[in-house]
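Spelled out from the first residue to the last, the chains are:
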Amino acid sequence: MAGGAGGGPVATRANASDPPLTPPASGRAIKTTCAYCGVGCGIKATVTGEREVAIAGDTEHPANRGKLCSKGTHLGETVGLEGRLLYPEITGRRASWDKAIRQVARTFAETIERHGPDSVAFYVSGQLLTEDYYVANKLMKGFIGSANIDTNSRLCMSSAVAGYTRAFGEDVVPATYEDIDEADLVVLVGSNTAWCHPVVYQRIMAARLLRGTQVVVIDPRRTETCEEADLHLQLRPGTDVALMNGLLAYCRDAGVLDEAFLAEHVATPDSFWSALGEGNDLWSTARTCDIAPVDLKRFFELFAATPRTVTLFSQGINQSIRGTDQVNAIVNVHLATGRIGKPGAAPFSITGQPNAMGGREVGGLASTLAAHRDFAPENVAEVKRFWAAPRVADKPGLKAVDLFRSIREGRVKALWVMATNPAVSLPDAAQVREALALCPFVVVSDCMADTDTSRFADVKLPAVGWGEKDGTVTNSERLISRQRALMAAPGEARPDWWIVTQVARAMGWRDAFGYENAADIYREHARLSAYRNEGRRKFDIGFHAAITNREYEAMEPVSWGGAPFSEGRFSTPDGKARLVAVEQRVLDERLPKWPLTLNTGRYRDQWHTMTRTGLSPRLSQHRREPLVEIHFRDAEEQGIGDGDLVRVATPQGESVFRAALSEGQRQGEIFTPIHWTDRQSSGGRTGLLPRPLVDPHSGQPGFKSTPARIEKLAVEWRGFLIAREVPEQVRADYFTKVRVGQGWLVELAGSGDPDAQLGNLLAGGQRIESLDRARGGWRAAVLDKGGRLSAALFVSRAGRLPDREWLITQLSAHETPSSVELLAGRPAIPQPDRGPIVCVCFDVGMKTIVQAIASQSLVSVEAVGKALSAGTNCGSCKPAIQRLIGETKEAAHA
Ligand SMILES: Nc1nc2c(c(=O)[nH]1)N[C@H]1C(S)=C(S)[C@@H](COP(=O)(O)OP(=O)(O)OC[C@H]3O[C@@H](n4cnc5c(=O)[nH]c(N)nc54)[C@H](O)[C@@H]3O)O[C@H]1N2
Ligand SMILES: Nc1nc2c(c(=O)[nH]1)N[C@H]1C(S)=C(S)[C@@H](COP(=O)(O)OP(=O)(O)OC[C@H]3O[C@@H](n4cnc5c(=O)[nH]c(N)nc54)[C@H](O)[C@@H]3O)O[C@H]1N2
Ligand code: SF4
Ligand SMILES: [Mo]
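The name given to the protein chain in an unreviewed UniProt entry is Molybdopterin-dependent oxidoreductase, with the source organism recorded as Croceibacterium selenioxidans. Comment text from UniProt for the protein chain, heading Sequence similarities (unreviewed entry), reads "Belongs to the prokaryotic molybdopterin-containing oxidoreductase family. NasA/NapA/NarB subfamily."

Next comes the structure, spelled out in structure tokens:
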């Protein structure tokens, strides 16, 4: 190998006396980009104190024009140092950067020397910046010489990547948000836009108001995205190909195919149209999809009659073992009707993570090489020359699920995980944990000290997080924006690109990784995109090849590709797009042992494994526990009531959730959220449940459909703890911890002696207590030296537990309530019950909203906003308010 690890001194600038990598600013608003989803909202952030940031939407940013959702709005609550990893650690002990980097470099080098380049791997993330991604990809593919670098985008966007590439010859998203503004019909397929891309959702709603854009939602669940929809097709899961093929057949019969476009710009396989003739009539489609024929017909007619249609899709399409075919089924319809490359018309895959797109550009997937090149020999040669690289990988590497299987089987022996939490988020998380435990050498770069994944790390490397990092991200519509540092890096945290660069240098590749700052990397990335491109690839940001540091610093949002297919030229050798023949496969039969199907996804106010949103008490109000949503008839069959604890089992594993009976579920299907981890809960572990089955083209797992069964969990007592300090160890059979106000709420349940399980939760201070032996009740409160509440524990075997809200406010109250009040869990003079919080910006509860709707006859979300302010800040709760208006009206008519 070139150089050799562990040689000369490592040039690390990590001493406390070193200048900070980016100077902190204060008092002045700095333009940056949101930390979370792929909408890529621009933010104006002002540092207002020591790790305090005021957040406002950037009115000049084209993606959001000033709007932010609840997660972006409350970013300020997540920039504290709580839980941060501040220093490198080797086997759990603090180490210097120098030592940690040598250790990583030496172990990787030795493993490669002994077992070859394919015995090591990186598992990275769409939450890295483009510059981080670029150097990680370059190190693995160009210098280590393996393509074993894959990313969590495999779990997220890879079916869209594969589908677009099959159709267009390149992974190019043929749409921008302006197309949404200009569409007359927006079809949302497998996308809970109102929760997961709230600012795009608001943009759709704005188009609806301005030009009467119609909205159709295609989702087996009735989500809040359906609230304002003209039509919701609650299809049988996994039947999207049938639906789209049915639509295409209808369009052909209705004469709305764009024959000229097809003839000139699309290559159609010979038997494409004859194959489509089979079984794709309206009636068969309705039957397959389990949709009422009248509804299906309405959709088909609407679609056929509306040339300006954007079909926006996300995980309900991608996360399937037939994800790529589902993508192509959608793209086919758009190609055949010529609804692409024109304003307001496109098949639009919306990205999940803030830099999912940047990762695709860089080539961070194991199945791509770099800058939209695949592994064709000429590409390998080109990239080798450009990088002056010793050995460029010449074939795809292991995709995420296969990668972890290879680790478990001992073939991959050294792994570096950056900015992702696979012990939670990969399917069959139990096996993933086994793999991590078996892997001889695991490095984890994260900003948090303790994640379910970092528990397996031999070396932990502290990365800077949002507000400290500096670089670029690309959003769903190919818009590149800057994320800027607002604060100095805490402790010895360092940018991910810097960490990778140091390891590369220590492995002997000093010149190739001589970057001094993020701009150096960005320039090289821009040059590589343009290198020998000559219009072959749309991804070309050569306009930034010579960007100066100053220009990079001041860079405004800029997009690549323009309106990429407006001239009908695609990135295939003949310039034509491809119709891809796809067939609806027969769905798995439901087995008696697994009578249900498990669907998984997201909550409005939590982000993935909650390492950051979990720090925000406001965001945690929306859903305080992981729920399993069940159709009431399925629940009834199992004797499960609303609020009971339920064990969800699949062939892969099991976990406990609280039941939420819901008419929004189809019968036979249940839904659980992906967010909860071992850090916050003994249950709610969705990651343990899905099978590691993947799409054959993309390798994306089928997270949305797992055979399952449920049963009520028998517990003898239930309870909760409210405490200022987070309890480190909770021994109850079931618990979940969540941030509330000035402390924590821990929900508890179990069997046996609660005292033995919960005794440790009430340490110190002055304790007041009451025991109700008859009903098995136990109530205790602990007061601190100042006589203020520091913890309260309520346990009951049979009786009711008090409402949590008042007790939570007592953690920060100036006056101490009486012991009687504390042990009753409510004030002597009752307060109005607000119900669960709907609007987290103004703290407005469900019951308050319902009362206002009823008593003041409010009929619109705007009217509720005027009366209560609810929904008037970030607007994320508007769909929920809309639902409450509908439900209240229904109740009044009942
Ligand atoms: N609040 C919040 N927002 C986020 C995230 C977050 O963690 N929290 N994560 C971000 C990321 S990385 C991503 S990838 C996106 C994901 O954004 P979305 O894809 O919108 O979110 P999901 O909840 O995963 O799933 C979307 C919907 O697919 C539906 N679905 C399931 N099976 C089928 C099917 O067979 N057909 C159809 N048509 N639909 C089906 C589900 O019922 C679900 O409502 O969200 C991003 N935004
Ligand atoms: N069952 C089921 N599973 C799913 C899904 C589903 O719908 N259903 N969705 C899948 C999808 S689409 C996705 S995208 C994944 C997401 O899953 P993950 O990527 O595993 O989830 P995150 O919690 O976002 O993990 C990011 C980690 O990076 C850390 N981090 C944040 N910023 C930085 C940084 O700048 N540098 C470094 N080094 N670390 C940082 C965070 O603290 C956190 O530990 O989950 C997938 N898993
Ligand atoms: S929609 Fe919300 S989470 Fe997504 S980028 Fe905008 S503010 Fe951030
Ligand atoms: Mo994602």
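### A closer look at helix H3 (residues 130-144)
With 15 residues, H3 should cover 21 Å at 1.5 Å per step; its first-to-last C-alpha distance of 20 Å lies within 8% of that length. Burial of H3 is extensive: 15 of the 15 residues sit out of reach of the surface. Among the residues trailing H3, Gly-145 stands out with phi positive, at a value near 90°.

### Topic: the sheet that holds strand S16 (residues 459-462)
If you walk across this open sheet you meet the 7 strands as S5-S4-S16-S15-S14-S6-S7, and the pairing is mixed. Across the chains shown, the open sheet's two edge strands, defined by having one partner strand only, are strand S5 (93-94) and strand S7 (149-151). Here strand S14 (residues 414-418) runs beside strand S15 (residues 441-446); their pairing, made up of 5 bridges, is parallel. Bridge pairing in S15 links Ala-414 to Phe-441. Each of strand S6 (120-124), S7 and S14 is contacted by H3, which is oriented at about 160° to S6, the strand it contacts most. Helix H20 (residues 496-506) rests against S14, S15 and S16 of the sheet, and its axis sits at about 160° to S14.

### Concerning the pairing of strand S24 (residues 654-661)
Judged by how many residues are buried, S24 sits mostly within the fold: 6 of 8 residues are covered. The sheet contact formed by strand S22 (residues 627-630) and S24 spans 4 bridges and is parallel. Bridged to Glu-629 within S24 is Ala-660. As paired elements, strand S23 (residues 645-649) and S24 share 5 bridges and run antiparallel to each other. Considered in S24, the bridge of Leu-645 is made with Arg-658. Counting the residues between successive antiparallel strands, the hairpin from S23 to S24 contains 4 residues.

### Topic: the site of ligand 3
In the neighbourhood of ligand 3, the contacting residues comprise Cys-34, Tyr-36, Cys-37, Val-39, Gly-40, Cys-41, Leu-68, Cys-69, Lys-71, Gly-72, Pro-198 and Val-199. Of the residues that constitute the shell around ligand 3, the class distribution is 9 nonpolar, 2 polar and 1 charged.

About the thresholds
- Residues numbered from 1 in each chain as written.
- Chains lettered and ligands numbered in written order.
- Predicted model: local features only at pLDDT ≥ 70, side-chain atom pairs only at ≥ 80, totals over all residues.
- Heavy atoms only, no water.
- UniProt positions renumbered as here; feature names shortened; annotations may be inferred.
- Helix = DSSP H or I, 4+ residues; strand = E, 2+ residues; numbered from the N terminus.
- Expected span 1.5 Å × (residues − 1).
- Buried < 20%, exposed > 50% of the residue type's maximum accessible area, 1.4 Å probe, protein only.
- Pairing = 2+ DSSP bridges.
- Contact = heavy atoms within 4.5 Å.
- Axes fitted to C-alpha atoms, helices over the stretch in contact; angles between N-to-C directions.
- Near = heavy atom within 4 Å.
- Nonpolar A, V, L, I, M, F, W, Y, C, P; charged D, E, K, R; others polar.

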